[in-house]
Amino acid sequence: MPGIDKLPLEETLEDSPQTRSLLGVFEEDTAATSSYFSQLFKAMQRIYDAQNELSAATHLTSRLLKDYEKQRFPLGGDDEVMSSTLQQFAKVIDELSSCHAVLSTQLADAMMFPITQFQERDLREIVILKEVFQISSDDHDTAVNRYSRLSKRKENEKVKSEVMEDVYTSRKKQHETIMHYFASLNMLQYKKKIALLEPLLGYMQAQISFFKLGSENLTQQWEEFLTNIGTSVQNVRREMDSDAEATEQTIQDLKVASDPLYMPDPDPNKIPVNRNLTRKAGYLNTRYKTGLVSSAWERQYFFTQGGNLMSQSRGDVAGGLVMDIDNCSVMAVDCDDRRFCFQITSFDGKKAVILQAESRKDCEEWIATINNISKRIYLSENPEEIAARVNQSALEAVTPSPSFQQRHESFRPSTQGRPKTGRSGSQCSAGSESPALSSLSLESLVAPDTPIQFDIISPVSEEHPSQAKSGAQGRRTNPFGESGGSKSEESEDSILHQLFIVRFLGSMEVKATESADVIYETMRQILAARAIHNIFRMTESHLLVTCECLNICCVIPQFPLSSVVLCTSHQENKRLFGFVLKTAGGRVDGRPVTVCYVFESNNDGEKICDSVGLAKQIALHSEMDRKATQKQRELDKAKEKQQEELHKQKQIEKDLEEQSRLIAASSRPGQPAADGQFLVLSNSQSEDSDAGEEGQKTGESEA
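Definitions and limits used
- Residues numbered from 1 in each chain as written.
- Predicted model: local features only at pLDDT ≥ 70, side-chain atom pairs only at ≥ 80, totals over all residues.
- Heavy atoms only, no water.
- Helix = DSSP H or I, 4+ residues; strand = E, 2+ residues; numbered from the N terminus.
- Buried < 20%, exposed > 50% of the residue type's maximum accessible area, 1.4 Å probe, protein only.
- Contact = heavy atoms within 4.5 Å.
- Areas by Shrake-Rupley, 256 points an atom, 1.4 Å probe, with all protein chains shown as cover.
- Pairing = 2+ DSSP bridges.
- Axes fitted to C-alpha atoms, helices over the stretch in contact; angles between N-to-C directions.
- Salt bridge = Lys/Arg side-chain N within 4 Å of Asp/Glu carboxyl O.
- Parallel < 35°, antiparallel > 145°, perpendicular 65-115°, else oblique.
- Left-handed = near helix turned anticlockwise from the far one by under 90°.
- Nonpolar A, V, L, I, M, F, W, Y, C, P; charged D, E, K, R; others polar.
- Core = buried A, V, L, I, M, F, W, Y, C linked by side-chain atoms within 4.5 Å.
- Patch = residues over 30% accessible without salt bridge, like charges linked within 9 Å, V, L, I, M, F, W, Y side chains within 5 Å.
- Lys, Arg positive; Asp, Glu negative; His and termini not counted.
- Charge placed at Lys NZ, Arg CZ, Asp CG, Glu CD.
- Phe/Tyr/Trp six-rings, centres within 6.5 Å; stacked < 30°, edge-to-face > 60°.

A.B. asks: Honestly, the overall build of the protein chain in this entry has me stumped. Any pointers?
C.D. replies: Scanning the protein chain from terminus to terminus reveals 15 helices and 14 strands. Looking at the protein chain as a whole, 32% of its 703 residues are labelled buried. When contacts within the protein chain are restricted to residue pairs at least 6 apart in sequence, long-range pairs at least 24 apart make up 68% of them. Carbon together with sulfur atoms contributes 52% to the accessible area of the protein chain, which is approximately 45400 Å² in total.

Rendered as structure tokens:
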């Protein structure tokens, strides 16, 4: 190749200073080449790494697009068009991912391999040859200096021959090394051009192949698809822009319309009070006691549902019942030096709630709304619509809605839409019937013509009314609400004590106790009856689960744990649970009566059912331990009795031996004992001996 400078191999043996100077130029060029190719290698390595990352990211994108239809977004519906479009995109991107993978392989073979070989083989070989040449040159200089110091006066042939042999060997080694070193430096001028052009050629060929492969895969069909998708995107963007403009206009209109409402206490002349409302919602301050005389206020969101006043704190997912406002009384009050306060008192006067509104208008509207609801004044005069509204309110208060939209609508009072019938709503509240329940007749589960009890009646109070009454009269009431010593010894010794907040919905007599379907059917009938008869009030109490019984702490009744035969929660509404109780005897014929009790809990009814099951297991193990202990005690008593009998038998035998010895001794009263002393008898012994002699004489006479 013209223009290539070379080191003269013919001058390597002479090793002149000019040759060394020319070698220095070649070595500087080698160092510059090594530095340049090191930077070029890093740049190409970054290209290769970026291509690998692009290939992996493209493959991941394709996989995520394929998994889109498996995702469940809270706000996303089943958009089949979007799913099919993304599937087509996933197919195209998957093909592109394959193309990128092929490109990565070609870059590794055609670009990275040549430059890596040049870096690790050629440049490293020159570095090694340079080190070997330096060592051989130093050895040659040492040998020549030693040869130059040979003395001509005292010649030693042996030393002379050794030095000459050393010069010969070192010079030969240096000559061979420098020739190989010069040849490698000369070849480097060609190799660096090849190492520079081959990676670039491989890179360009790989890119051309990639573009050709892409053009083959992206056919006219895909171009039309991409054009249609681009048109759809532009349509969506225009729709978004129009919606944004409408939203901005709505915001401006709401700002103008809401400007008078920004004031907490607006002018009543500008915004008149509406006294015909039957639904009301808004934030109120409620007062609650923090001690015997102290109290505090809390801001909550209140709304009316049917005949109930509900409240919901910020962050809660559902509202809770505050009180039943049917036939209640409401009036404005002065409380704690606060304005716009009003008090709601229940129909029986046992519960009162004090609330504070933001303005006089709001306070008067709340009072008017509660009065309208309490007197059952509805705007519509259609009886069926009124009954459906009441039934739907009862169902919303008990059963949660499944979807996001229904949950959002159930959290606040709705002014649009009314349910069709109350009966169908009550059935939905108890959940869909299972296949096993649909195949059974209702008469096989629930006793026919069975009344529904909406008040708790305990089997203990039914069977022993005198005991319940006496127990209630004998208990001393603590005016401060403390328990004191009212708990029984059995409940104190019980292993399990779990307390739950529940609300009693109702109970009714049932027939079947083998399946949980009887509890589901009882729930359905009780909720339907509550909706039909407009019964929304539920007493909140505490259910205490122990190893002996289920105790309703706020009322008298107790349910013996041994009588509970079945307990389960609802399949869809987990807050509903019930248990079946088998009493000792009926009121008329004395046969066992089975009653199903249905409750609503604040949390999960399954936890309460699990606690009941755990209590029954603990009671069963305790009973087994008690029986085993009692049996062991009986065995110990029998063994102890047997030991006493043996002891008595041995004592009798000992007494008989003693009596026979005394009788034998008494038959010889004048004879001294072996030691020369006379035997002296006590009074008891003499009496026994006399009795023995009389018995002996009587025996002889009888003989």
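A.B. asks: Just to check I follow, could you spell out the sheet that holds strand β13 (residues 576-582) for this structure?
C.D. replies: By way of backbone hydrogen bonds, the strands of a sheet pair with one another, either parallel or antiparallel. Sheet architecture is open: 7 strands sit in the order β11-β10-β9-β8-β14-β13-β12, paired in antiparallel fashion. Both edges of this open sheet fall to β11 (558-560) and β12 (564-569), since each of them pairs with a single strand only. Sheet twist, expressed as the mean angle between neighbouring strand axes with direction ignored, is 30 degrees. As paired elements, β13 and strand β14 (residues 594-601) share 7 bridges and run antiparallel to each other. Bridge assignment links K582 to a residue of β14, and that residue is T594. On the sheet, helix α13 (residues 517-532) packs against β8 (498-510), β12, β13 and β14 and is oriented at approximately 85 degrees with respect to β8. Its contacts with the sheet place helix α14 (residues 605-666) against β8, β9 (540-545), β10 (549-552), β12, β13 and β14, and it is angled at close to 155 degrees to β12.

A.B. asks: Would you explain the sheet that holds strand β2 (residues 295-305) in this entry?
C.D. replies: The 7 strands lie next to each other as β4-β3-β2-β1-β7-β6-β5, forming an open sheet whose pairing is antiparallel. Pairing within the sheet leaves two strands with one partner each, and these edge strands are β4 (320-324) and β5 (329-335). For this sheet, the mean inter-axis angle between neighbouring strands, taken without regard to orientation, is 40 degrees. The pairing of β5 with strand β6 (residues 338-345) spans 6 bridges and is antiparallel.

A.B. asks: Just checking my understanding: could you explain the pattern of salt bridges for this structure?
C.D. replies: Between side chains of opposite charge, pairing is possible as soon as their charged atoms come close. According to the stated counting rule, one finds 16 salt bridges in the structure shown. Its salt-bridge partner being K280, residue E365 comes within 2.8 Å of it at the nearest N-O pair. Residue E365 is located in helix α5 (residues 360-374), and its partner K280 is located in the loop between α4 (220-258) and β1 (281-289); the two are separated by 85 residues in the primary sequence. Each member of the pair E365 and K280 is classed as buried. The partner of E521 in a salt bridge is R524, with the nearest N and O atoms 2.8 Å apart.

A.B. asks: Quick question: what am I supposed to make of the packing of helix α1 (residues 17-66) against helix α2 (residues 80-148) here?
C.D. replies: Each pair of packed helices can be described by the angle between their axes along with the distance between the axes. Remark: α1 packs on α2, axes separated minimally by 8 Å, with the N-to-C direction vectors making an angle of 160 degrees. Comparing their axes, α2 and α1 come out roughly antiparallel. Note on packing geometry: the crossing formed by α1 with α2 is left-handed. Residue composition of the contact of α1 with α2, grouped by class: 25 nonpolar, 19 polar and 5 charged.

A.B. asks: Just to check I follow, could you spell out the side chain of T594 for this structure?
C.D. replies: By secondary structure assignment, the location of T594 is in strand β14. In this structure T594 touches M508, E509, V510, T513, V580, L581 and K582, once residues within four positions along its chain are discounted.

A.B. asks: Got a minute to help me understand unusual backbone geometry in this structure?
C.D. replies: Notably, F340 is not glycine yet its phi reads approximately 55 degrees, a positive angle. Examined against the element boundaries, F340 turns out to sit in strand β6. Exposure remark for F340: the relative accessible area of 12% places this residue in the buried category.

A.B. asks: When you look at the packing of α2 against helix α3 (residues 157-217) in this model, what are you seeing that I'm missing?
C.D. replies: Interhelical geometry of α2 versus α3 gives an angle of 170 degrees and a closest axis separation of 8 Å. The orientation of α2 with respect to α3, classified from their angle, is roughly antiparallel. Along the lines of polarity and charge, the residues of the contact of α2 with α3 split into 29 nonpolar, 14 polar and 12 charged.

A.B. asks: How should I be thinking about the side chain of T369 in this particular structure?
C.D. replies: Relative to the elements of secondary structure, T369 occurs in helix α5. For T369, the contacting residues outside a window of four places in its chain are L277, T278, R279 and K280.

A.B. asks: Is there a simple way to think about the nonpolar core in this case?
C.D. replies: Taken as a class, soluble globular proteins show a tendency for nonpolar side chains to be buried jointly. Formed by 25 residues in total, the largest nonpolar core has its most connected members in L23, Y181 and L185. Those elements that provide at least two residues to this core are α1, α2 and α3. When residues of this core are assigned to their parent elements, the largest contribution, 11 residues, is made by α2. Beyond its immediate stretch of four places on either side in the chain, Y181 contacts L23, E27, I126, L129, K130 and F133. L581, C609, V612 and A615 belong to the second-largest nonpolar core, a separate cluster that totals 24 residues.

A.B. asks: Got a minute to help me understand a negative patch on the surface in this structure?
C.D. replies: A surface patch of like charges, here negative, comprises D138, D139, D141, E165 and D166. Put simply, the parts of the chain that give the negative patch at least two residues each are α2 and α3. Owing to a relative accessible area of 40%, D141 belongs among the partly exposed residues under this scheme.

A.B. asks: Any chance you could explain the environment of L96 here in plain terms?
C.D. replies: Its location among the elements puts L96 in helix α2. Once the C-alpha coordinates of L96 and F210 are considered, the two residues, 114 residues apart in sequence, prove to be 9.5 Å apart.

A.B. asks: Teacher, can you tell me more about the packing of aromatic side chains here?
C.D. replies: Where two aromatic rings form a pair, the distance of their centres and the angle of their planes describe that pair. Tallied over the entire structure, the rule returns 11 aromatic pairs. Note on F577 and F599: the rings are 5.6 Å apart at their centroids and 15 degrees apart in plane angle, and the pair reads as stacked. Residue F577 is located in strand β13, and its partner F599 is located in strand β14; the two are separated by 22 residues in the primary sequence. With relative accessibility at 0%, the residue F599 sits in the buried group. Both rings, one in F579 and one in Y597, keep their centres 5.6 Å apart while their planes meet at 25 degrees; by these two values the pair is stacked. In this pair, F579 is assigned in strand β13 and Y597 in strand β14, connecting sequence segments 18 residues apart. A relative accessible area of 1% means that F579 is categorised as buried. A residue is classified by how much of its surface remains accessible, and Y597, at 3% relative accessible area, is buried.

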